[in-house]
Amino acid sequence: MKSPITKDVREHIKNMCEVHPDVDGVLCIDNKSGLVAVSALNRLNYNIPKDVSIVGFSSEEFSYLSDPVLSTVTQHGEEIGAVAVDMLVDRLTGNKKKPVSTTTVDFTIDHRGTTLKKS
């Protein structure tokens, strides 16, 4: 039984390809959607990564379940958590006058089988 999310992603990929047959890249919100996109584009006879590149978002281990293996944007969860805790503790211990701020944590792109290597 397919989940509603899987069905929705497959349908969105199919519609995207009908409207934009020359699409050359798909960035997915997570790795589950990335795996479904790989499957859907394979079924539509796209050559991954020659015709279209696909990148998932996160670092779950199941990104290795697709063929070709899904490339991903890897978030550094431990670092994100540490920064968030530091900001929360700072706020809770009395530095409430400190202005609201945004902190950026680096990420990495793990190129695997769904993206072409730079030449």
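Structural data are supplied above this passage.
Residues numbered from 1 in each chain as written. Predicted model: local features only at pLDDT ≥ 70, side-chain atom pairs only at ≥ 80, totals over all residues. Heavy atoms only, no water.

Colleague: A description of the overall build of the protein should follow, citing residues and the corresponding values.
Modeller: In terms of helices and strands, the protein carries three helices and four strands. When the helices and strands of the protein are listed from N to C terminus, the series reads α-β-α-β-β-α-β. For a compact globule of 119 residues, the expected C-alpha radius of gyration is about 14 Å, and the protein comes in at 18 Å, more than 25% above that figure. If you line up the protein on its principal axes, its C-alpha atoms span 60 × 40 × 25 Å. Burial analysis of the protein (119 residues in total) assigns 32% to the buried set. Put simply, 69% of the contacts in the protein that link residues at least 6 apart link residues at least 24 apart. Of the roughly 8400 Å² of accessible surface on the protein, 57% is carried by carbon and sulfur atoms. Counting 14 positive and 16 negative side-chain charges, the protein places the averaged centre of each group 4 Å from the other. (Helix = DSSP H or I, 4+ residues; strand = E, 2+ residues; numbered from the N terminus. Rg over C-alpha atoms; globule rule 2.2 N^0.38 Å. Buried < 20%, exposed > 50% of the residue type's maximum accessible area, 1.4 Å probe, protein only. Contact = heavy atoms within 4.5 Å. Areas by Shrake-Rupley, 256 points an atom, 1.4 Å probe, with all protein chains shown as cover. Lys, Arg positive; Asp, Glu negative; His and termini not counted. Charge placed at Lys NZ, Arg CZ, Asp CG, Glu CD.)

Colleague: For the side chain of T115, give the residues involved together with the corresponding values.
Modeller: Here T115 is to be found in the segment after β4 (107-110). Of note is the side chain of T115, whose polar atom sits 2.8 Å from the side chain of S71. Not counting the four nearest positions on each side in its chain, T115 is found in contact with P49, S53, I54, V55 and S71. (Polar contact = N/O pair within 3.5 Å; in protein donor to acceptor, adjacent residues only side chain to side chain.)

Colleague: I'd like a rundown of the side chain of S66, residues and numbers included.
Modeller: Locating S66 in the fold gives a position in the loop between β2 (53-57) and β3 (71-75). Within the structure, the side chain of S66 is placed 3.1 Å from the backbone nitrogen of L70, a separation counted as a polar contact.

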